[in-house]
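# Understanding the architecture of this molecule
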Amino acid sequence: MCLGVPGRIVAIDADDPWLGTVDFDGVRRPVCLAYTPEARLGDHVIVHVGFAISRVDEEEAARTFAVLRAIPGALAGELGPER
Amino acid sequence: MCLGVPGRIVAIDADDPWLGTVDFDGVRRPVCLAYTPEARLGDHVIVHVGFAISRVDEEEAARTFAVLRAIPGALAGELGPER
Amino acid sequence: MSTLDALTCPVPHNETERVLLGHGSGGQLMAELLRDVITPALGGSGVLEDAAVVSVGSTQIVFSTDGFVVTPRFFPGGDIGSLAVNGTINDIAMRGADPVALSLAYLLEEGLPVAELRRITTSVAAAAGAAGVPVVTGDTKVVERGGVDGVYVTTTGIGVRAPGVDPSATRCRPGDVVLVSGPIAAHGMAVLSAREDLGFDSGIRSDSRPLHRLVCTMLHTAGAAVHALRDPTRGGVASALNELAEASGVSVELDETALPVARQVAAACEILGVDPLHVANEGCLIAMVAPESADRVLAAMRRRPEGAAACAVGRVGDGPAGRVTVRTLVGSTRVLDMLVGEQLPRIC
Amino acid sequence: MSTLDALTCPVPHNETERVLLGHGSGGQLMAELLRDVITPALGGSGVLEDAAVVSVGSTQIVFSTDGFVVTPRFFPGGDIGSLAVNGTINDIAMRGADPVALSLAYLLEEGLPVAELRRITTSVAAAAGAAGVPVVTGDTKVVERGGVDGVYVTTTGIGVRAPGVDPSATRCRPGDVVLVSGPIAAHGMAVLSAREDLGFDSGIRSDSRPLHRLVCTMLHTAGAAVHALRDPTRGGVASALNELAEASGVSVELDETALPVARQVAAACEILGVDPLHVANEGCLIAMVAPESADRVLAAMRRRPEGAAACAVGRVGDGPAGRVTVRTLVGSTRVLDMLVGEQLPRIC
Amino acid sequence: MKYLDEYRDPALARGLLAELTATATRPWAIMEVCGGQTHTLVRQGIDELLPAGIRMIHGPGCPVCVTPLATVDKAVAIAARPDVVLASYGDMLRVPGTTGDLLGVRARGGDVRVVYTPLDAVRVAEREPGRQVVFFAVGFETTAPANAMAVLRADELGLDNFSVLVSHVLVPPAITAVLDAPDNRVQAFLAAGHVCAVMGFTEYEPIAERYHVPVVVTGFEPLDLLEGILMATRQLEEGRAEVENQYVRAVSRTGNTAAQSAMRRVFRLTDRDWRGIGTIPTSGLALTERFAAFDAETRFAVGDLDTREDPDCVAGAVLRGVRLPTSCPAYGTRCTPRTPLGAPMVSTEGTCAAFYQAGRKSTVEER
Amino acid sequence: MKYLDEYRDPALARGLLAELTATATRPWAIMEVCGGQTHTLVRQGIDELLPAGIRMIHGPGCPVCVTPLATVDKAVAIAARPDVVLASYGDMLRVPGTTGDLLGVRARGGDVRVVYTPLDAVRVAEREPGRQVVFFAVGFETTAPANAMAVLRADELGLDNFSVLVSHVLVPPAITAVLDAPDNRVQAFLAAGHVCAVMGFTEYEPIAERYHVPVVVTGFEPLDLLEGILMATRQLEEGRAEVENQYVRAVSRTGNTAAQSAMRRVFRLTDRDWRGIGTIPTSGLALTERFAAFDAETRFAVGDLDTREDPDCVAGAVLRGVRLPTSCPAYGTRCTPRTPLGAPMVSTEGTCAAFYQAGRKSTVEER
Ligand code: SF4
Ligand code: SF4
Ligand SMILES: [Mg+2]
Ligand SMILES: [Mg+2]
Ligand SMILES: [Mg+2]
Ligand SMILES: [Mg+2]
Ligand SMILES: [Mg+2]
Ligand SMILES: [Mg+2]
Ligand SMILES: [Mg+2]
Ligand SMILES: [Mg+2]
Ligand SMILES: [Mg+2]
Ligand SMILES: [Mg+2]
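Just so it is clear, the model here is predicted, and its values are computed rather than measured. (Residues numbered from 1 in each chain as written. Chains lettered and ligands numbered in written order. Predicted model: local features only at pLDDT ≥ 70, side-chain atom pairs only at ≥ 80, totals over all residues. Heavy atoms only, no water.)

### Overview of the site of ligand 2
Every residue near ligand 2 is listed here: Cys 313, Val 314, Ala 315, Cys 328, Ala 330, Tyr 331, Cys 335, Leu 341, Gly 342, Pro 344, Met 345 and Cys 352 of chain F. Within the shell around ligand 2, the residues separate by chemical class into 11 nonpolar, one polar and no charged. (Near = heavy atom within 4 Å. Nonpolar A, V, L, I, M, F, W, Y, C, P; charged D, E, K, R; others polar.)

### Looking at the site of ligand 1
Cys 313, Ala 315, Cys 328, Cys 335 and Cys 352 of chain E are the nearest of the 13 residues found near ligand 1. Classifying every residue of the shell around ligand 1 gives 12 nonpolar, one polar and no charged.

### Things to note about the pattern of salt bridges
Summed over all chains, the structure comprises 74 salt bridges over all chains. Salt-bridge contacts for Asp 25 of chain A lead to Arg 263 of chain D; the nearest nitrogen and oxygen are separated by 3.3 Å. Of this pair, Asp 25 of chain A sits in the loop between strand 2 (19-24) and strand 3 (27-32) while Arg 263 of chain D sits in helix 7 (residues 263-272), which puts the two residues in different chains. Across the salt bridge formed by Glu 244 of chain F and Arg 240 of chain F, the nearest N and O atoms sit 3.2 Å from each other. For Glu 244 of chain F, a relative accessible area of 17% puts it in the buried group. The network of salt bridges with shared partners includes Glu 256, Asp 275 and Arg 334 of chain C together with Arg 43 of chain E. (Salt bridge = Lys/Arg side-chain N within 4 Å of Asp/Glu carboxyl O. Helix = DSSP H or I, 4+ residues; strand = E, 2+ residues; numbered from the N terminus. Buried < 20%, exposed > 50% of the residue type's maximum accessible area, 1.4 Å probe, protein only.)

### Concerning the interface of chain C and chain D
With 74 residues of chain C at the interface, the matching set in chain D holds 73 residues. Between chain C and chain D lies a buried interface of about 5,700 Å² when both sides are counted; carbon and sulfur atoms form 70% of it. On the chain C side of the contact with chain D, Val 19, Leu 21 and Phe 63 of chain C bury the most area, a combined 11% of that side's loss. There are two salt bridges connecting chain C and chain D. (Contact = heavy atoms within 4.5 Å. Buried area = accessible area lost by both parts, 1.4 Å probe.)

### Considering the domain arrangement of chain C
Much of the literature gives interface size as the accessible area that the parts lose upon coming together. Residue and element names in this part refer to chain C. The domain architecture assigned to chain C consists of domain 1 (16-46), domain 2 (50-161) and domain 3 (177-335). Placing the centre of domain 2 and that of domain 3 at their C-alpha centroids yields a distance of 23 Å. Counting from both sides, the interface comprises 23 residues of domain 2 and, opposite them, 21 residues of domain 3. Between domain 2 and domain 3, a total of about 1,800 Å² is buried, with carbon and sulfur atoms accounting for 56% of that surface. Run the count over domain 2 and domain 3 and you get seven residue pairs in polar contact (both at pLDDT 80 or more). For the side of domain 2 that touches domain 3, the elements supplying multiple residues, two or more each, are helix 2 (80-93), strand 5 (98-109) and helix 3 (114-131). Per-element tally for the side of domain 2 that touches domain 3: the top contributor is helix 2, with eight residues. For the side of domain 2 that touches domain 3, the class distribution of residues is 12 nonpolar, eight polar and three charged. (Domains from an automatic or database assignment. Polar contact = N/O pair within 3.5 Å; in protein donor to acceptor, adjacent residues only side chain to side chain.)

Have a look at this one:
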């Protein structure tokens, strides 16, 4: 359930800080930022039915992706032949 | 103004004597008979916007048509050559 | 109501800025829309013909399309399905061609009973079968509720024309006899009477039927002496004659007393204040025939059922180009113009 | 409200009694409607081809019709006018024919701004001009407010096919390489994004364009080795491949990683929960080409602008007839079915 | 059709024309009051067959034509409301108001419907209780009883979503107005048969006497008109000025008393503006107190609107019979049935439209 | 797309699969709770690549699927009213009620609209004040804050023509219900990442402890799922039963407090029926007193309707994870996405539909 898509905040309305524009690889939509008051221009947020429900923590993302890549089999998979 | 067409009353509603069906050479329509209470089944009436506004007086019609045919030039016209 | 939003803007005085219902009535407004908007935008200039002729190698292909939007969809004497088949067959026949194949494009409204679609399609098949012209390809689109009114049908046909045959709106010549193949105004009045909102009940049936065999007979009888053919559909005989007179640069004189109109049809026209010459037909044609061949063509037409009541109703003259006149009942003459806009019952 | 009258009757449980929006989506429901209602009523039996072939003497005429009802009428990369021209040209091209003429049938809603009609018609003319296929005949109907949603366009085309050429939905053979001429899913997402009611703003442009010259190049390169051609319009690549596999009694395996999808288009698909394989295209084609000719055809395609991004995306197999599978990103396999009904954004 | 076909007999028409030619020794100007009569005359080309001395002047008898611009504008304003269904007769939809016509309102989304009878409008109100149904009640005395019945029926049914925009006009005051005009040239009248079917013709008797003008109650078919013209010409030749009844088969001296009493229940006399003519005292009908609740003008509070006629249009003079349409500078050029500037170009019964349809040429010199 | 594409890397996926194979020494049954996760697993064919011992059980996490039949029937009844615009998310339109679905209502003239966000439904209510706009508010905790905001916005605007038909359900009670079932076979859970983005995962800690079951908060991309499965497998292999967070980039332990507080303002806990499962105490949301005026059920007085499930449908067992769709007698025959008998065949996230779309064969012997 709950299709959520990560996108980048490219604008925040000057009169309404809850109203942002989020870019998804070139596709933009107004998004309600009421639930991510900590999100800033340039941040990535997870958007669900027009609402940002979570700010993407870039550092955590980088750290955990590195963990993932470091999983023993992963490197093998990356280097190994396509089956 | 006031397109009026002669038609023949072919039905009167059993429950509503104001509601008749008038036949115009095979075309039928419900017609309001409220204004021609004297009209009977088989009578001709002049119908305007769904109302019978006048019962056609068959005897007068026959009489005046005869008068019209008797107008001196008329017979000549009937017999005369087409121009 | 969102459709009314536009009304909050200043309302234009002249209604040439929006498409009006009358633009589709086959009369003057329609001609204007074609002349002022569609034809120039297409970069063409055009005599209005029923169908186009496309040369493919040495073969002459006749090609025509028509959309059908009749309300109600089922009416005495036909339905939108058979009408769509016959209408396109007739447009092809009017250019002297033998129709060989039809395409069928449906626009359906979400919510349409499938049974109605089946009934219409069965009628399409029956009409195509009766005419001997198969439906070979098609398309179906469904639009949201309110996006169409039930079902609209667009048929397109191709036909093949023999060399040397070329009836055309431009080929009417002074002296030509104006023939009509049968009683006029039945289709339009059948449809109008079937509309419950006018409350009429009549035995009037549409004349919808294919005319290609009749045309074949006529061409077989007189060949190139059949100068022009037209099926007087929307806008009726008046519009068809005006278009022909215009395209050929001739005048036409019609004899009102010679016009075949069925008794009930005439009555319905009286009641609604409508002129039968402006009412649509779907099963009769107008032919402009060289005078020396007219009797032979007429006799040949009368031997076919769809031409049994054919008669001569007028003459092509060399009067002002595009002028159509009627010799009235009382022996006077009046100009017969195209229908101006949509046909509104004249009740008051 | 009269449209709701039907609701006072017992409501049928199974919605096969009424036409649903999904019946027009080019997927399973559409196929059912054709199979269960339209084809039987027409008395035919039918492989779904884009166009019919009619023999006129020794000439093969290819004949196709399509209705266009796109909302909004103007969208990035095109409009209903150019779409109607390109769509029909493409259907003719998919049967290996060279399109020679088009007809144009308008259904207009009373109240349509004349300026819009002019703009659409100008677009029709531009598209026809660019394609070199003239609009030779037409028809215009106007219906009452609410009877259509603005403008619908039905185009029909005729084309001529050289002897010996016969790409057909029935001619896919095991071993054939599946080629696609360019990035997929652009048209459907351009239209969806242009719909203000979803509130998306993207640079996605429809791929609407004519493909007949590309087809000509392909046939010139490999002739009969081009077994089948299909423009994956409504229902997308998934539906087109299913139809081809069904009609030819073969299986198809697609490689998901090889599918060309533009970045923004992919993003829009993510946001709406839509599979690009189910999204409509209007400017790319699928070709099933004999393996020995595939590279040559691909190279020839890439030399034309509309085929610059062409690539091989799969193979025809001898698995279960009609079965289309996708090799997924992670190297697994799933069945790729037709779109079931209308494409609804999956947002939750 | 019985009572129609026999009155179209071409041979009898030729005979009547011959008799008329024999009768008329001097030029006479006769006005047919009714637009339906104008329609027959022009459509059949009868006026062109008349002896040179007999000139027909086309009267103000097209109810569509004389509906004041202000009333058309009110109808347009009401029809534009999203809650309203405006119903009327077909011809009324094309009458130009200041800013457009009712067809234009429909084209922009308004719900404007053509009905055959006002009772159908009442039925719409019954079936669609959520909408306001307004019937645009135009017409002369012929139509007034029908519209009265619609109000009576709506009242009986207790419909609070039905109302009427009343624009009824009366014939006798119009005739008097024509006769009172200083430039009047009309010497005899054909009174409108169907108006008289309802009203009888006693109202014309004092007019005939006071103005010493023959009045012949006349039907609508070619023979009716020719006979009416003949009867009027005979009176003129003989110096008589009586009310005669050509249309005996449908009209009695006292008219239709049932219809008159319904009219009187629902309507009262009022001063009325006639398009192109001006205000004529007690020449129109308005709702009585008892039925004032059905008045669309009050219900929708359409006040006095700013109306504006085209300056070139000489419709008033045409309607009063002092000018022919063909003498109007706009006729056939700026003003055609496609682009009517004035009401008489709209209705097929309107004098200008009847002339245009019949192909009558403009007599205005090109400048 | 950043944060999407890198989590679809096929090489890393192969690596994770290899690591998983190396890790799993025994068979394990793991439930992914969320329909979105089911969708990825099935669409990418991941479950077929897992080591033989690891079995994924598809959970009840498709909000469309678990919406009670009675509620669908209420939506159908409300949507059929001529004064109503019913707005909802796309998938909800095809869920079969007792007498048909919302698409069917639209086909018969009902005004049923797809919106991308509940705020669009509020905008419809603002723009069309004459109509009653009802938003069919389905969803888990992820969606509830959005729907809460729609109510808050409507309240702020003073809209009296907006209401919500609430069918919110909560994940933790559903997990507890699965675990409490006597036939439960689930040994670990992948918790739904987006639910946890809103709610955090403290609620799962007592569950993990009490039932001694590992819970891994997991994202939606192939690598997320593979890593989540790996983390759960490691816990199982090691005998741990903790709440772990795979989806660190979007989920914190305490979740989104702003969203939670809006939810609490607008909604209160209530017992809730789950389609195919039955009533689970305090597993759903209802409007608080303060916002009770926005309740469509009371506004339109749709009482308890007579509902009827298809007797062959084993959706309940499928949703609880004790049966596979392929073992259902109707699967693929009477029940297809074209003719769904139960909700899991409707949504593309529904387990039965996901299986069908992926071409999974029925395991029921032909009789
Ligand atoms: S022709 Fe037109 S402008 Fe002239 S008087 Fe008649 S309606 Fe007016
Ligand atoms: S396959 Fe259909 S009938 Fe069987 S459980 Fe799933 S939804 Fe129910
Ligand atoms: Mg034609
Ligand atoms: Mg045509
Ligand atoms: Mg035609
Ligand atoms: Mg098609
Ligand atoms: Mg409709
Ligand atoms: Mg195609
Ligand atoms: Mg096609
Ligand atoms: Mg196509
Ligand atoms: Mg046409
Ligand atoms: Mg519309």
